[in-house]
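In case you want the letters, here they are:
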Amino acid sequence: MATPSTDKKNVEVFDTEEDQAVSLAKYTANLSNQFCKERGAFSVVLSGGSLINSLRKLLEPPYIDSIEWSKWHVFWLDERVVPKDHEDSNYKLANDGFLSKVPILPGNVYAINDKLSAEGAADDYEACLKNLVNRNVIALSEASGFPKFDLMLLGMGPDGHVASLFPGHPLLQENEKWVTFIKDSPKPPPERITFTFPVINSSTYIALVITGAGEAGAVQTALGKSKNSVKLPVQMVSPEGKLTWFLDKDAASKL
Ligand SMILES: O=C(O)[C@H](O)[C@@H](O)[C@H](O)[C@H](O)COP(=O)(O)O
């Protein structure tokens, strides 16, 4: 198993969003090589939002040709409960901008069942993860008993939310379920499913990819010197493995 170095948190700041995207592609491709070699599979979790655009350099040489795409298994950190062809669908966003442009096996792309209610879709997704853990496609954390994804690619909202885990929401405290649902998301659309913090924090690698001045306030709260009494969701991201912040200059402008 790929073992991250002992320094658990790393903050990278890039002059431009372009430099950030170049570095993110290199980081992702290196981890893909490492995990494909070591365990014959690479489990990758995607967010929605601007992350998909940040992954665009993987669609270019050398990565498009060198990555062992057939060993990738792709999951969603959170998903809106809408049909897969709906404009709000995170699956559609990732498929249109990334997945349809690389030779990932369709059977290795784990979208939610869009015929179910929010609750049903969360249960169904959790059952899917359990099956893949049993087949060793996804590793299991010995420490936590939760699934241990190789790489999670996280975005963050201006309010400091990650996944569909929003500030002050009771779901921040969920510590049993792997996947849960929300029907009152402050960011539309209201109905979503989401990975829980124990799953996020069992990961081997997490990249927090944050772009633009709109997120600078939450970045300052999370990484700046002053301490807030109630933690933002992004401050609860603390993986067993290694966390890397990828910030462009605007996102880091208040540090
Ligand atoms: O469904 C969603 O809304 C996204 O999955 C969400 O969790 C996203 O990752 C953050 O909101 C950051 O989005 P931006 O990068 O666009 O700010």
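Residues numbered from 1 in each chain as written. Predicted model: local features only at pLDDT ≥ 70, side-chain atom pairs only at ≥ 80, totals over all residues. Heavy atoms only, no water.

An unreviewed UniProt entry lists the protein under the name Probable 6-phosphogluconolactonase, with Carya illinoinensis given as the organism. Under Pathway (unreviewed entry), UniProt gives the following word-for-word description of the protein: "Carbohydrate degradation; pentose phosphate pathway; D-ribulose 5-phosphate from D-glucose 6-phosphate (oxidative stage): step 2/3." Under the UniProt heading Sequence similarities (unreviewed entry), the note attached to the protein is "Belongs to the glucosamine/galactosamine-6-phosphate isomerase family. 6-phosphogluconolactonase subfamily." (UniProt positions renumbered as here; feature names shortened; annotations may be inferred.)

## Some remarks on the UniProt feature "domain: Glucosamine/galactosamine-6-phosphate isomerase" (unreviewed entry) in the protein
The UniProt entry lists residues 16-245 under the feature "domain: Glucosamine/galactosamine-6-phosphate isomerase" (unreviewed entry), expressed in the numbering used here. Taken end to end, residues 16-245 is 30% helix and 17% strand, and its first and last C-alpha atoms sit 15 Å apart. (Helix = DSSP H or I, 4+ residues; strand = E, 2+ residues; numbered from the N terminus.)

## Examining the sheet that holds strand S8 (residues 179-182)
Strands sit in the order S4-S9-S8 across an open sheet of three strands; the sheet is antiparallel. Looking along the sheet, the strands with just one partner apiece sit at the ends: strand S4 (78-80) and S8. Across the sheet, the mean angle from the axis of one strand to that of its neighbour is 20°, orientation sign disregarded. With four bridges connecting them, S8 and strand S9 (residues 192-195) associate as antiparallel partners. Paired with Ile-182 across the two strands is Arg-192, which belongs to S9. Of the strands in this sheet, S8 and S9 touch helix H5 (residues 118-134), which is tilted by about 165° from S8. (Pairing = 2+ DSSP bridges. Axes fitted to C-alpha atoms, helices over the stretch in contact; angles between N-to-C directions. Contact = heavy atoms within 4.5 Å.)

## Things to note about unusual backbone geometry
Cis geometry is found at the peptide bond from Pro-61 to Pro-62, where omega equals 0°. Position of Pro-62 relative to the elements: it lies in the loop between helix H2 (51-54) and helix H3 (63-66). Residue Pro-188 is joined to Pro-189 through a cis peptide bond whose omega torsion reads -5°. In this structure, Pro-189 sits in the loop between S8 and S9.

## A closer look at the site of the ligand
With respect to spatial proximity, 15 residues lie near the ligand, and among them Ser-50, Asp-78, Arg-80, His-161 and Lys-187 are the closest. Take Asn-90: an N or O atom from its side chain is 3.0 Å from an oxygen atom of the ligand. Interatomic distance of 3.2 Å between a side-chain N/O atom of Arg-192 and an oxygen atom of the ligand. Burial of the ligand by the protein amounts to 92% of the accessible area it has alone, namely 410 Å². Among the detected pockets, the ligand sits in the second largest pocket. Residue composition of the shell around the ligand, by class: two nonpolar, eight polar and five charged. (Near = heavy atom within 4 Å. Polar contact = N/O pair within 3.5 Å; in protein donor to acceptor, adjacent residues only side chain to side chain. Areas by Shrake-Rupley, 256 points an atom, 1.4 Å probe, with all protein chains shown as cover. 1 Å grid on protein atoms, 1.4 Å probe; cavity = no way out; pocket = protein on both sides within 12 Å on 5 of 7 lines; lining within 4 Å. Sits in = over half its atoms within 2 Å of the grid points. Nonpolar A, V, L, I, M, F, W, Y, C, P; charged D, E, K, R; others polar.)

## Comments concerning the nonpolar core
Ranked by internal contacts, the top residues of the largest apolar core, which has 83 residues, are Leu-46, Phe-195 and Ile-200. If near-sequence neighbours (up to four positions away) are discounted, Leu-46 is found in contact with Leu-51, Ile-52, Leu-55, Val-74, Phe-75, Trp-76, Leu-77, Asp-78, Ala-94, Phe-98 and Leu-153. (Core = buried A, V, L, I, M, F, W, Y, C linked by side-chain atoms within 4.5 Å. Buried < 20%, exposed > 50% of the residue type's maximum accessible area, 1.4 Å probe, protein only.)

## Topic: the pattern of salt bridges
By the definition in use, this model includes 13 salt bridges. Two residues, Glu-17 and Arg-56, come together in a salt bridge whose shortest N-O distance is 2.8 Å. Here Glu-17 is found in helix H1 (residues 17-39), whereas its partner Arg-56 is found in the loop between H2 and H3, with 39 residues between them in sequence. For Glu-17, a relative accessible area of 23% corresponds to the partly exposed category. Among the ionic pairs, Lys-92 bridges to Asp-96, the shortest N-O distance being 2.7 Å. Taken together, the residues span about one helical turn, with Lys-92 and Asp-96 both in helix H4 (residues 90-97) at a distance of four residues. A relative accessible area of 19% places Lys-92 in the buried class. (Salt bridge = Lys/Arg side-chain N within 4 Å of Asp/Glu carboxyl O.)

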